[in-house]
Amino acid sequence: MSQPVFFVVVTLFLASFAPLAAAGYFRWVRLSRPAIGVFDIGDVFAMMGFVVVLPFVYLALPGWALPTVLGLVFAAGLGIGYEPVVTHGWWRRGLILSLLGVDLAAWAAWRAGAAPTWFTAVNSVVVMLIAVSAANLSAQGGLKLRHAAWFTLGLAVYDLTFATAIPITQKLAEAIQGYPYAPSAGLRVGELSAVIGMGDLLAYALYGATAYKAYGRTGLRASVAIVAVFGALLPTLSPLAIEAITGRQPSLIPAQVFFGPAAFVGYLVLRRLGAERRMVDVLGNRPFSSRPHVASGHGGPIRSFGSRLEDPKRPR
């Protein structure tokens, strides 16, 4: 298999798996909802501020401190996100420490001369688990698809700015190379390699979880299709097209530049189905309406979350 094909296959699998896993978590696991009130556009700006500041914090840390901080962040994220899955505290802590220990051991073996395949595979599992749980913490905490769409649009501007005008993204990618608990997922097999950032996976998982919450399976199918095409295929194929045209392949293609606008347009299309379901609607098993004015039970049958039809006269 050639490097371009390997890169496309691995990226497509990881990117598409993120929203599917996030939706599966959303369906089967209930997190304790934090007392954060109602999400609004101000919270989206706050999230963007955190995203903008975080790379500068990483770059300011000395080399020895970076894996320590990342390990603590990974442990905390897994502990919060999987408390409902493994309810016994000591069992949960033991499993998390074991998983992080395997990640560290695989990294040490790689640095000692072993093939990097096991390290990249184990680290990818850890990163995917964190992205899925973090997306659900926001989705189940009140974040709507509308907020996620605006957030991804902001990420597109951020990615374009910090990959071109202020090349922080490239510096960060170089800074985390060779360290354990790298905030990226991917696979390396011999000379073949493919890597996708944890921030990208989180954006895809967040979009999938909120789309599933808002519009059920229709939302999930739309989110997976948008992620696959605009989050994986176009970002991975565009360097080949640029090289064919210019004779020079770019070193970095910011994936969110493709995904952000497409995700926002996808939200605009999905909202034509009606009002988004809120978390209280999900917990009360209330369906989203095919038209906003039939949510009260008038105007004919309405589509339910995870089922086909529901009697509109059923007591809410």
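Before reading further, recall that the structure is shown in the block above.
Residues numbered from 1 in each chain as written. Predicted model: local features only at pLDDT ≥ 70, side-chain atom pairs only at ≥ 80, totals over all residues. Heavy atoms only, no water.

What is the right way to read the overall build of the chain from this model?
The helix and strand tally for the chain stands at ten helices and two strands. Counting from the amino terminus, helix and strand elements in the chain follow one another as α-α-α-α-α-α-α-β-β-α-α-α. When each of the 316 residues of the chain is scored for burial, the buried share is 45%. Restricting the contact set of the chain to residue pairs at least 6 apart, pairs at least 24 apart contribute 74%. Carbon and sulfur atoms provide 68% of the accessible area of the chain, an area that totals close to 15,800 Å². (Helix = DSSP H or I, 4+ residues; strand = E, 2+ residues; numbered from the N terminus. Buried < 20%, exposed > 50% of the residue type's maximum accessible area, 1.4 Å probe, protein only. Contact = heavy atoms within 4.5 Å. Areas by Shrake-Rupley, 256 points an atom, 1.4 Å probe, with all protein chains shown as cover.)

Mind showing me how you'd approach the packing of aromatic side chains here?
Tallied over the full model, the rule gives nine aromatic pairs. Seen from their ring centres, phenylalanine 74 and tyrosine 181 are 6.1 Å apart, and the 70 degrees between their planes marks the pair as edge-to-face. With phenylalanine 74 in helix 3 (residues 65-81) and tyrosine 181 in the loop between helix 7 (168-175) and strand 1 (184-189), this pair connects stretches of sequence that are 107 residues apart. Here tyrosine 181 falls in the buried class, since its relative accessible area comes to 10%. Site record: aromatic cluster; members linked through ring pairs are Trp150, Phe264 and Tyr267. (Phe/Tyr/Trp six-rings, centres within 6.5 Å; stacked < 30°, edge-to-face > 60°.)

Just checking my understanding: could you explain a nonpolar patch on the surface for this structure?
Taken together, the side chains of Met1, Val5 and Val9 define a hydrophobic patch exposed on the protein surface, amounting to about 300 Å² of accessible area. In this structure methionine 1 comes out as exposed when scored by relative accessible area, which is 67%. (Patch = residues over 30% accessible without salt bridge, like charges linked within 9 Å, V, L, I, M, F, W, Y side chains within 5 Å. Salt bridge = Lys/Arg side-chain N within 4 Å of Asp/Glu carboxyl O.)

What should I look at first to understand the pattern of salt bridges in this one?
One side chain can pair with another of opposite charge once the charged atoms of both are near each other. In this structure the tally under the stated criterion is one salt bridge. Between arginine 278 and aspartate 281 there is a salt bridge, with its nearest N and O atoms 3.3 Å apart.

When you look at the pairing of strand 2 (residues 192-197) in this model, what are you seeing that I'm missing?
Consecutive side chains along a regular strand alternate between the two faces of the sheet. Every second residue of strand 2 is oriented toward a common face, the buried set being Leu192, Ala194 and Ile196 and the non-buried set Ser193, Val195 and Gly197. Inspection of the sheet shows strand 1 paired to strand 2 by six bridges, in the antiparallel sense. Bridge pairing in strand 2 links leucine 187 to alanine 194. Between strand 1 and strand 2, which pair antiparallel in sequence order, lie two residues; one of them, glycine 190, sits at a positive phi of approximately 65 degrees. (Pairing = 2+ DSSP bridges.)

Help me out: how do you make sense of the nonpolar core in this one?
Among soluble globular proteins, nonpolar side chains are generally buried collectively. With 68 residues, the main nonpolar core has Phe74, Leu145, Leu201 and Tyr204 as its most contacted residues. Residue contributions to this core peak at 17 residues, all from helix 8 (residues 198-246). Leucine 145 has contacts with Tyr207, Thr210, Ala211, Ala214, Tyr215, Tyr267, Leu270 and Glu276, leaving out every residue within four places of it along the chain. (Core = buried A, V, L, I, M, F, W, Y, C linked by side-chain atoms within 4.5 Å.)

Teacher, can you tell me more about the environment of phenylalanine 13 here?
In this structure, phenylalanine 13 sits in helix 1 (residues 3-28). For phenylalanine 13 and alanine 228, which are 215 residues apart along the polypeptide, the C-alpha to C-alpha distance reads 8.4 Å.

Please explain the side chain of aspartate 281 as it appears in this structure.
With respect to the helices, strands and loops of the structure, aspartate 281 is situated in helix 10 (residues 279-283). Of note is the side chain of aspartate 281, whose polar atom sits 2.9 Å from the backbone nitrogen of arginine 278. (Polar contact = N/O pair within 3.5 Å; in protein donor to acceptor, adjacent residues only side chain to side chain.)

What should I look at first to understand helix 8 in this one?
Side chains three or four residues apart in an α-helix point the same way, a direct result of the helix having 3.6 residues per turn. For helix 8, with 49 residues, the first-to-last C-alpha span of 30 Å runs short of the 72 Å given by 1.5 Å per residue. The sharpest bend along helix 8 measures roughly 145 degrees and falls at tyrosine 215. In the stretch just after helix 8, glycine 247 is the one whose phi turns positive, near 80 degrees. (Expected span 1.5 Å × (residues − 1). Bend = angle between axes of the 7 residues up to and from the residue.)

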